[in-house]
Amino acid sequence: MSSVDPSGKEAIRRRETGERPAGLSGVASLVRVLDESRLKPKAKEQEVLDVATEYFLQHGYRGASINAMARSSGISKESIYRYFSSKQQLFEAVIGRELIEYRRNLHRLDTLRSMDLRAALITVAEAILAIITTDRTLALRRLIFDEATRSPEVGQHYYKIGAGQAYAVLESVLETHAHESDFDIPTLARHFAAMLCWRMTLERQCSVRPQPAQAEIADQSAAVVDDFMKAFLKRK
């Protein structure tokens, strides 16, 4: 019989000791430990992660060093090594924290099933575009994609928590309207995501357009939803 740890003490112990759950490694294990414990990093650890995040985004993983990070930030090397034993572990913690926040933002959309389809899809679209079009997200993706060439599990876990979670939310919304389309739910979700994200993401990555304002995101989301419903749902 499996045991349950309702207080989260085991997750807290693993986090404080740096122990990884069995069968998991790197970013995946850190995300799981942080999600289990529902804890924010300690104040000093949070400061180290904030500094490291900006440094990695600016210099990349290969261009970063703990010594240079400490010199430029005013945080001592001892403070960094108190929480993270290596540059690799610090990098994993940075990515893990960003992915947890992304997943929590998507989980806040759990009430969508009570909305009508158009309103629910617009809400999802606005939430997704507000995340993926920021300068910070674009820089983070470049960092993750670069590291994924050497550590595929970093990219795989980013996909699982990023696109994978977004598809799950979309499928949950579309399931209650399956009778309104000749397409299966996973196909509808993929087409909607492609219509919503492809052009704006590409234009942002190529510096064709600046980070969009909320009003532009709202207009784009409504237009995509209307086009999607016309193209993929049966006419009433």
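Basis of the calculations
Residues numbered from 1 in each chain as written. Predicted model: local features only at pLDDT ≥ 70, side-chain atom pairs only at ≥ 80, totals over all residues. Heavy atoms only, no water. Helix = DSSP H or I, 4+ residues; strand = E, 2+ residues; numbered from the N terminus. Contact = heavy atoms within 4.5 Å. Areas by Shrake-Rupley, 256 points an atom, 1.4 Å probe, with all protein chains shown as cover. Axes fitted to C-alpha atoms, helices over the stretch in contact; angles between N-to-C directions. Parallel < 35°, antiparallel > 145°, perpendicular 65-115°, else oblique. Left-handed = near helix turned anticlockwise from the far one by under 90°. Expected span 1.5 Å × (residues − 1). Buried < 20%, exposed > 50% of the residue type's maximum accessible area, 1.4 Å probe, protein only. Arc of directions from axis to C-beta. Core = buried A, V, L, I, M, F, W, Y, C linked by side-chain atoms within 4.5 Å. Polar contact = N/O pair within 3.5 Å; in protein donor to acceptor, adjacent residues only side chain to side chain. Phe/Tyr/Trp six-rings, centres within 6.5 Å; stacked < 30°, edge-to-face > 60°. Lys NZ or Arg CZ within 6 Å of the ring centre and 35° of its normal.

Describe the overall build of the protein, naming the residues involved and giving the relevant values.
Within the protein, the secondary structure is distributed over 12 helices and 0 strands. In sequence order, the secondary structure elements of the protein are arranged as α-α-α-α-α-α-α-α-α-α-α-α. The contacts of the protein with a sequence gap of at least 6 include a subset with a gap of at least 24, amounting to 69%. As displayed, the protein has an accessible area near 12,900 Å², and 53% of this comes from carbon and sulfur atoms.

So what's going on with the packing of helix α7 (residues 117-132) against helix α11 (residues 185-205)? Which residues, and what values?
Angle between the axes and distance between the axes: these two values describe a pair of packed helices. With their axes 11 Å apart at the nearest point, α7 and α11 run at an angle of 30° to one another. Overall, the two elements α7 and α11 adopt an arrangement that is roughly parallel. Of the two elements, α7 crosses α11, and the hand of that crossing is right-handed. Contacts between α7 and α11 pair L121, A125, I128, L129 and I132 from the former with F192, L196, C197, M200 and T201 from the latter.

Please set out helix α12 (residues 214-232) residue by residue, giving values where relevant.
Its 19 residues place the ends of α12 27 Å apart at the C-alpha level, agreeing with the 27 Å of an ideal helix rising 1.5 Å per residue. Restricting attention to buried positions, one finds in α12 the residues I217, S221, A222, V224, V225, F228 and F232. Buried residues of α12, viewed axially, fall in a sector of 170°; they line one side. More than 90 degrees from the buried face of α12, the exposed residues found are A215, D219, K230 and A231. Contacts from the buried residues of α12 go to α7, α10 (163-175) and α11.

Tell me about the environment of A163, and please be specific about residues and values.
Relative to the elements of secondary structure, A163 occurs in helix α10. Sequence spacing of A163 and A193 is 30 residues, and the spatial spacing of their C-alpha atoms is 9.0 Å.

A description of the nonpolar core should follow, citing residues and the corresponding values.
Nonpolar side chains tend to gather and get buried jointly when the protein is soluble and globular. Of all hydrophobic cores here, the largest spans 58 residues; its most connected members are F56, I80, L90, L121, L174, F192 and L196. The biggest single contributor to this core is α7, with 10 residues. Contact partners of L90, with chain neighbours within four places excluded, come to V48, L49, A52, F56, I66, M69, I80 and F84.

Quick rundown of the side chain of S79? Include the residues and the values.
Along the chain, the position of S79 falls in helix α5 (residues 77-83). A residue is classified by how much of its surface remains accessible, and S79, at 8% relative accessible area, is buried. Polar side-chain contacts of S79 include one of 2.9 Å to the side chain of S76. Among residues more than four places away in sequence, those in contact with S79 are K44 and V48.

Could you give an account of helix α9 (residues 152-161), with specific residues and numbers?
For α9, the full list of buried residues reads V154, G155, H157, Y158 and I161. For α9, the buried positions fall inside an angular range of 165° around the axis, keeping them on one side. Among the exposed residues of α9, those oriented more than 90 degrees off its buried face are Q156 and K160.

Go over the packing of aromatic side chains with me, naming the residues and quoting the values.
Taken as a whole, this structure holds 8 aromatic pairs when the rule is applied. On the basis of an interplanar angle of 70° and a centroid distance of 5.2 Å, the ring pair of F183 and F232 is categorised as edge-to-face. On the criterion of sequence distance, the pair formed by F183 in the loop between α10 and α11 and F232 in helix α12 is long-range, its members being 49 residues apart. Residue F183 is classed as partly exposed on the basis of its relative accessible area of 36%. Residue classification places F232 among the buried residues on the basis of a relative accessible area of 14%. Taken together, the aromatic side chains of F183, F192, F228 and F232 make up a single cluster linked through ring pairs. In this structure, K87 is placed above the aromatic ring of Y61, and the distance from its NZ or CZ to the ring centre is 4.4 Å.

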